[in-house]
Amino acid sequence: MKIVIHTMEQIAGVEIFPIISLLLFFVFFIIVGYMALTADKKYIEEMKNLPLDKVCDLNDENHLT
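To start, this report covers the structure provided alongside it. No experiment lies behind these values; they were computed from the predicted model shown.

Some thoughts on the packing of aromatic side chains
Counted under the stated rule, the structure contains two aromatic pairs. Relative to Phe26, the ring of Phe25 has its centre 5.4 Å away and its plane inclined at 65°; by these criteria the two rings are edge-to-face. What makes Phe25 partly exposed here is its relative accessible area of 48%. The exposure class of Phe26 is partly exposed, given its relative accessible area of 41%. For the pair Phe25 and Phe29, a centre-to-centre distance of 6.1 Å together with 25° between the ring planes defines the contact as stacked.

See the structure below:
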């Protein structure tokens, strides 16, 4: 572990990397949350029931609308 700590101390500007990763995580989380909250409810309901459908015709063009 001393090798890793020593190496990280020698890198200039290494203290910015955790801040950037935290910001990227929060931006990604906010975007996914926004997409989930604003998604079409009909599409979500269709996807929720998809594993339970007995007949699933992938050639049917209505499943994309």
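Having seen it, we continue.
Description of the pattern of salt bridges
With the rule as written, the count across this model stands at one salt bridge. For Glu45, the salt bridge goes to Lys48, with nearest N and O atoms at 3.2 Å. One end of the pair, Glu45, and the other, Lys48, are both in helix H3 (residues 41–49), three residues apart, so they sit about a helical turn from each other. Exposure remark for Glu45: the relative accessible area of 38% places this residue in the partly exposed category.

What counts and what doesn't
- Counting restarts for each chain: residues are numbered from 1 in the order of the written sequence.
- Totals for whole chains, interfaces and linings use all residues, but because this is a predicted model, local features are given only for residues with pLDDT of at least 70 and pairs of side-chain atoms are given and counted only at 80 or more.
- Here the side-chain values reflect all heavy atoms present in the structure, with hydrogen atoms and water set aside.
- Any Phe, Tyr or Trp ring, taking Trp's six-membered ring, that has another such ring centre within 6.5 Å forms a pair; planes under 30 degrees apart are called stacked, those over 60 apart edge-to-face, and the others tilted.
- Relative accessibility under 20% of the residue-type maximum defines a buried residue, over 50% an exposed one, and the middle range a partly exposed one, all with a 1.4 Å probe and only protein chains included.
- We define a salt bridge as a side-chain nitrogen of Lys or Arg found within 4 Å of a carboxyl oxygen belonging to Asp or Glu.
- Going along the chain from the N terminus, every DSSP run of H or I of four or more residues is numbered as a helix, and every run of E of two or more is numbered as a strand.

No statement about biological role is implied by the geometric values presented.
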